[in-house]
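# Structural overview
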Amino acid sequence: MARLLRYIAILVLFLLFPVINIVVWHHTSSVCVTPVFPLPNITTISPRVEAERPDCEQPKVNVVCNATAVIPCPEPRCEPCPSPDCAADCITETPAASDVRSLRFERWKQDIHSHTQRQVLERARSQSMTQAATKPRTSCLPKLNNHTFRFDIERRNRHLKEWAQEAEAFYRERPQFLHSCEGKTVLCIMGVLHIYDGFKGPMGDLVQWSDLISALSFLGYSVTVVNSSKAVKPADMSKYWRVVSDYLGMLGTNIDAFRDKLFVIDTFGTSIQGNIVESQLYGGRNLTDLRRILTLVPDAHPLNTFLGTVSPPSDATRAMTMEWKALIWGKLAAYFRLPGVQDYLSQITQKLPVFASAESGTDFPPQVGNKGVMRQKDYIELLSQTAVFVGVGQPYIGTAAFDAVRQGSVLLNPMFDPPLNFWPGKPTDWPLTSQHPWVERIGAPCVQNVRINDRKSVAMALEEARDYHDFVKVHGPHPCALVPEASMGAFVCRAFAAFNELWDWQCLHPVARHWNL
């Protein structure tokens, strides 16, 4: 009987223990566990209650959250955290720097391991392309004026072999389309040349144009290139299968003769209202299908189509030799007069050497070395040697962000709070949450989203960037550097799908990856 009573007493204590625990916890504190990506072997530590302050109804609580790092709130809060999404409102104790570094390395190694199979498949595809590739078919390229189209010629000539390989791979995987381009001519109206004539640096508009002309040419279409729609007689428009132009190329032209075959390259996209109302140089063309608006990034506008550009892939061996230095994103002096930029750059120069490729007369902190506006080939070469690529808020949604991540650099991507609306004159209505909202969603370690006026945010970003730089030297780039939507093969697929109006093809609808979840 005594043994039975002992068993019953133990059972009662076992059943009442959770209730007792909940009551004790409720009368001590409220704990906010920050919802960030899970890490191995990390456990939440019980809160340490400090002495109550006379102006608080509840005591201040220090919490070690299930995270690598949390930004402490500058002023302690007394009330409990209102929701699980309140990381910035909690006072936190972060793990020791060496522990944070070890945990980051472990997580990044796991990410690389989980993507090994994808890398093996990519290598196998690349080898099959190399074996099957023949001499580049340069005869299919349009004849361009060496001065007017200098940028386009220089860019495409650096990658003739790769364009030929990707076009062949595309048709090898889709043999039913092999002869679909025969007898079809595409007219390209590059009005943007009127702005950039004589400017030697890499420009997003010209990068996109160059890649499109190369893709269409190697896919087998006959391509004609002009810098204004006025260069083609309205009666001659009937011989073109497709006409693609930017808004500047259509200025002063009645597009009725080719409206039904018109595609428009528009970096930031065109909304329904922007398609109807002409604002300054852009929009107001009353296109019948907004899917024919080709944008620089996905999600610029839900009714438009993502075309994008091509960024050179990272060389793992070369990425492992990157130097601990930074390159500033932006060429125009006006970018560096934005609020907070000078202090932001000064803070960065305290951690590593910083260089720029900007026009003469640009104001920089004295520690920044300005190399002047560089040609794209030289710019990419410098970028491939650089560990950190520093965004300053403008230019918005530039192609250089893809280049940096693909080369293995860490991008510092300034956030906008509240989001910015576009400047007057653009036919779009979507706000910007950061300098580059698409790469913003790629996340760490390749992209560090920072608040440039918050020194702690910048310091933490640089700390993780340094850890990633050391990691790459041993293990190579993280899978987030792949950015497959910026590959040449993906671009060839999008160009073919868009101009053949195959709107449901998956390559037109990439999904942003969140590597830190």
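Below, the structure is looked at part by part. (Residues numbered from 1 in each chain as written. Predicted model: local features only at pLDDT ≥ 70, side-chain atom pairs only at ≥ 80, totals over all residues. Heavy atoms only, no water.)

A complete count under the given rule lists 14 aromatic pairs for this structure. Between the aromatic rings of Y171 and F496, the centroid separation amounts to 6.3 Å while the plane-to-plane angle is 90°, which identifies the pairing as edge-to-face. Of the two residues, Y171 is situated in helix α5 (residues 160–173) and F496 in helix α15 (residues 488–499); the sequence distance between them amounts to 325 residues. Residue Y171 is classed as buried on the basis of its relative accessible area, which comes to 9%. On the basis of an interplanar angle of 15° and a centroid distance of 6.5 Å, the ring pair of Y468 and F471 is categorised as stacked. Residue Y468 and its partner F471 are located together in helix α14 (residues 455–475), separated by three residues, close to a single helical turn. Per residue, the accessibility class of Y468 equals that of F471, and both read buried. (Phe/Tyr/Trp six-rings, centres within 6.5 Å; stacked < 30°, edge-to-face > 60°. Helix = DSSP H or I, 4+ residues; strand = E, 2+ residues; numbered from the N terminus. Buried < 20%, exposed > 50% of the residue type's maximum accessible area, 1.4 Å probe, protein only.)

What follows concerns the environment of H475. Its location among the elements puts H475 in helix α14. Through-space distance from the C-alpha of H475 to that of A316 is 9.0 Å; in sequence the pair is 159 residues apart.

As a further point, take the state of the cysteines. Applying the stated criterion across every chain, the model contains two disulfides. C446 shares a disulfide with C480; S-S distance 1.9 Å. Disulfide C446-C480: the torsion about the S-S bond is 80°, which places it as right-handed. Of this pair, C446 sits in the loop between α13 (437–440) and β15 (447–450) while C480 is found in the loop between α14 and α15, placing the two residues 34 residues apart along the sequence. Take C446: its relative accessible area is 1%, and that puts it in the buried class. The exposure class of C480 is buried, given its relative accessible area of 1%. Through a disulfide, C493 is tied to C507; the S-S separation comes to 2.3 Å. In this structure the cystine formed by C493 and C507 twists about its S-S bond by roughly -75°; its chirality is therefore left-handed. Here the residue C493 occupies a position in helix α15, and C507 occupies one in the segment after α15, the gap between them amounting to 14 residues. (Disulfide = S-S within 2.5 Å.)

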